[in-house]
Each structure stands twice: as C-alpha cells, then as structure tokens.
Amino acid sequence: MERTTCCVVGGGPAGMVLGLILARAGVEVTVLEKHGDFLRDFRGDTVHTSTLTLIDELGLWPRFDQLPYRALTRARIRMDGGEATLGDLSRLDAPHPMIAMTPQWHLLDMLATAAREEPTFTLRMRAEVTGLVRTGERVTGVRLADGSELAADLVVACDGRDSRVRAESGLPLHRYDVPIDVEWFRVPRHADDPDGGLGRVGRGRFLVMLDRADYFQCALVIGKGTDARLRSGRVEAFHDFLVAMNPWLAGRLDDLAWDDVKLLEVSLDRLTRWWAPGLLCIGDAAHAMSPIGGVGINLAVQDAVAAARLLAAPLLAHDPAAVDRAGRAVQRRRTPATVITQTAQDLAHRRVVAPVLDAEPTDDADRMPFPVRLMKRFPALQWLPARVVGIGVLPEHAPDFARRPPLPVVAAPAS
Ligand SMILES: Cc1cc2nc3c(=O)[nH]c(=O)nc-3n(C[C@H](O)[C@H](O)[C@H](O)COP(=O)(O)OP(=O)(O)OC[C@H]3O[C@@H](n4cnc5c(N)ncnc54)[C@H](O)[C@@H]3O)c2cc1C
C-alpha cells in the first residue's frame, strides 16, 4: 500500500491551502482531488481581504495579481427604494482592502502551481476517495474509486459540504433549517456594464450578479423547495421576472433555457466534533456554509491555515497522540469564528432573505431596512460589514515557515 504522512481529501480552497503550507513545513502531503481539473462552475468567486493578506504573506501576490480579477471595494445593492452601499472595503486597514472577484479555478491553479514547487507535495487529480481505512479505532488511510488505498498518519477531510469522508466518519452533525436555495446561471455582460458584484433586492426577489468579465454569473435566491414550481412555468416567464428586476437585462436572455439554470441546494451545518483518531475535518466538510455574505471560501482558507500551523510539528515528528491533540486544538481554535459566522448567516436567512422572498407586491417597497438607512446616513458605519465580510471573525496568518518574499510569476500548467 502507498503511504504518505498527511492525506488531504479534496482540492478546494481548504485542501489546497493546507497542502501548500504543510509542504512548506517539509511534511509529506498528498492531496486527492476527484475531478480532472479545477474548471468547475459551481464555486464562489470571492477572494476576501484576509485571504489576500495571506497570499501576500505566502509570497504569491505577484502571481495572484496576474490573474484576471475585478476589485470590489464597495458592496452595492439596488432595492426598490433606491441604491445603497452595504460595506466599504476601502476603509479597511489591510494591504489589499478589497474583495477580488475571480473564478475560483484561477486561485486553485495558482495554489497548485506553488505547492508543486515543494518537493514533499503531491497532487493527484481524478483521485476520488470512496471510503476510510481503519486499524482498530484509528483512521489509517483512505480507499480510492480505482480500488487502491493510501495509508497516512492523518487524513484531513476537505471534500466540501457533501463530504464523503465526514459521512463515513460518523462524527455528530448539527443542521440549521435553511429556507433558501439558489438558481445559478449566466447572462452576457457588456463592456460598459457596472463592474464588480451587483445585488438586486425587492419584494419577492433577491438576485446577485458576479462580474466574470464577459458574462455575469448570476445567483437568484429562491425559497427552498420552490425550484420545481418555478421550472414548471415557461422559461420566457422567468426571463420576464429577471427583466422586471433589472430592466437593462432586456434582450440578453433569449438564449437562456431551463437547462442552463442549475439548482444549487443551500445547506448550513456544523460537526459538533471535527476530529477522530487519525482524522480531521475542516472547511465545508466540518461546517457547510451558505452563500449569504460569500464568506465560505475565506472560512475554509482560515481553517486550513490554523490546521497547518498546529499540525506541522506533530506530523513531522510522526507522533499520533500529538497529531490527535493538534486536531482537537484546530476545532477549539476555529469553532468560535464558525459559530459566529453561521449564526449570522442563519439570522440573515430568517430575518432578511426569507422576509424579502415572502414579501407581497403591496408591501411598502420604498422603505429600506433600518440598518441600510443608517449606513446611508452615516457612511463610516459601512466599515463594520466590510470588516465582518472582508476580514472575518478570526483571521489567521501564515506561520513563519510558510512565509516567502514575493515569488516570480510562472505560467500555471494546465491542471
Ligand atoms: C451557490 C453557492 C455559491 C457560493 N458562493 C460563494 C462565494 O461567492 N464566496 C464564498 O466565499 N463562498 C461561497 N460559497 C461557499 C463556498 O463555496 C464554500 O464555503 C467553499 O468552497 C468551501 O471550501 P472547501 O475547500 O471546504 O470545499 P469545496 O470548495 O467544496 O472543495 C471540495 C473539493 O473536494 C473535492 N471532492 C469532493 N468529494 C471528493 C472525494 N470523495 N474525493 C476527492 N475529492 C473530492 C471536490 O471536487 C472539491 O474540489 C457558495 C456556496 C454555494 C452553495
């Protein structure tokens, strides 16, 4: 059986950051990713202020800066009662006070390229994990779809919100009731359209449009379980609904068919225990995040940084008891930030988004919610949501062993 020190399941933001930082510590690490590339569509596009600081610390800013990204410094939203700024990132005290909007595959390719420069790093694509290997109570490796096994001192589940590893682990899970799902589709973008991200909220409507240069990636928030009803209607009625929200979309939706509109089911949950002997779960595998606030990638990255910092020495020492203690310490360190963020998302689902979706056309449309009016009146308050979303509750910094001076730009090989 093949062997590695740390087996990371899943090459998303959590898995790639963990793999890179552990490899910089000299830990032998293998990342297993089930897809053949990172070019999947159903990923968030946001790289937050604190992740940009981390990219700086890792010496990767010159490479990130070469990627096609749009700088979002103000989160704007258009409501029936007018336009408002929800958060002003330019007020943050950070090297890159913005959210960089870039399709996530660019970020993952960049991380993979940097990690491959470390001699102890291995990335295996088309490597789907189907089960855990145990010796007594201890997880000692993973089983792959091709029938092979990989033994490891530690398995870290970074395989996202439908984590196979966490399902197999039997670790206890707390689920929140979630009242929303998302319809995900593209709309052509014209050069003179507003750039960055756009939000449109009104009675019964909640649409977010992410600028991906020549098209907008759109996320229409719908009530949970209402997808079938929506799709039972003609697609032209769906076009009319979107145009009523944003009249400037007229004429751009003719090619949009129901097959182009994908349903993404939103979940919000959290393991009450993130670790077992020989196993740790982080990122969405430990706590599936809602797209509300677009903070899931940042949280997954912060988990990975904390995990790498706490795990590097015990993994280098091949000390199973110390590895398990470090797994427990990762949960202790990251739980408060996770609970606070998920509680905020849960409140936003129930108090902001669900009431908007349930609102009747006769409701008072011109009245903006109180916090939005307050921020309009006192723009300095726009710092607070920018801090919460852009930097997060407990930002993590690269450990000294992972820091590098700015690294030269290299062409990323096709993954
Ligand atoms: C509709 C929607 C929109 C979102 N938009 C945003 C946004 O704009 N900004 C934001 O910050 N967050 C957003 N989120 C949340 C965000 O996508 C997640 O929180 C984040 O991607 C979690 O990162 P991760 O590395 O833990 O998991 P993931 O990004 O899910 O990565 C998991 C990886 O594991 C791989 N994998 C899965 N199973 C296996 C297996 N068995 N074997 C091997 N590999 C496997 C997958 O292919 C994937 O590459 C959104 C979520 C949804 C549902």
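Residues numbered from 1 in each chain as written. Predicted model: local features only at pLDDT ≥ 70, side-chain atom pairs only at ≥ 80, totals over all residues.

A.B. asks: Hey, could you run me through the sheet that holds strand 14 (residues 197-202) in this one?
C.D. replies: Strand pairing in a sheet relies on backbone hydrogen bonds, with the paired strands running either antiparallel or parallel. What the seven strands build is an open sheet, ordered 6-5-14-15-16-13-17; its pairing is mixed. Two strands lie at the open edges of the sheet, namely strand 6 (82-88) and strand 17 (262-265), each paired on one side alone. Ignoring which end each strand starts from, the neighbouring axes of this sheet average 25° apart. One ladder, built from four bridges, connects strand 13 (residues 180-188) with strand 17; its direction is antiparallel. Bridging across to strand 17, Trp 184 finds its partner in Lys 262. (Pairing = 2+ DSSP bridges. Helix = DSSP H or I, 4+ residues; strand = E, 2+ residues; numbered from the N terminus. Axes fitted to C-alpha atoms, helices over the stretch in contact; angles between N-to-C directions.)

A.B. asks: Please explain the sheet that holds strand 3 (residues 46-47) as it appears in this structure.
C.D. replies: Across the sheet, which stays open at both edges, the three strands sit in the order 3-7-4 with antiparallel pairing between neighbours. Two strands in the sheet have a free side with no partner beyond their single neighbour: strand 3 and strand 4 (70-72).

A.B. asks: Would you mind showing me how to read the environment of Trp 184 here?
C.D. replies: Relative to the helices and strands, Trp 184 resides in strand 13. On the basis of neighbour counts, which here come to 17 C-beta atoms within 10 Å, the residue Trp 184 falls in the partly exposed class. C-alpha separation for the pair Trp 184 and Ala 219, spaced 35 residues apart in sequence, amounts to 4.8 Å. (Buried ≥ 20, exposed ≤ 12 C-beta atoms within 10 Å, placed from the backbone.)

A.B. asks: Would you mind showing me how to read the nonpolar core here?
C.D. replies: In a soluble, globular protein the nonpolar side chains are often hidden away together inside. Val 9, Leu 18, Leu 22, Val 155, Val 156, Ile 282 and Ala 307 are the most contacted members of the largest nonpolar core, which totals 112 residues. With 13 residues, the single largest contributor to this core is helix 8 (residues 296-316). Both domains that furnish three or more residues to this core are identified here as domain 1 (2-74 + 96-176 + 267-354) and domain 2 (180-223 + 225-265). Those residues in contact with Ala 307 that lie beyond four places of it in its chain are Leu 18, Val 156, Leu 280, Ile 282 and Val 330. (Core = buried A, V, L, I, M, F, W, Y, C linked by C-beta atoms within 7 Å. Domains from an automatic or database assignment. Contact = placed C-beta atoms within 7 Å.)

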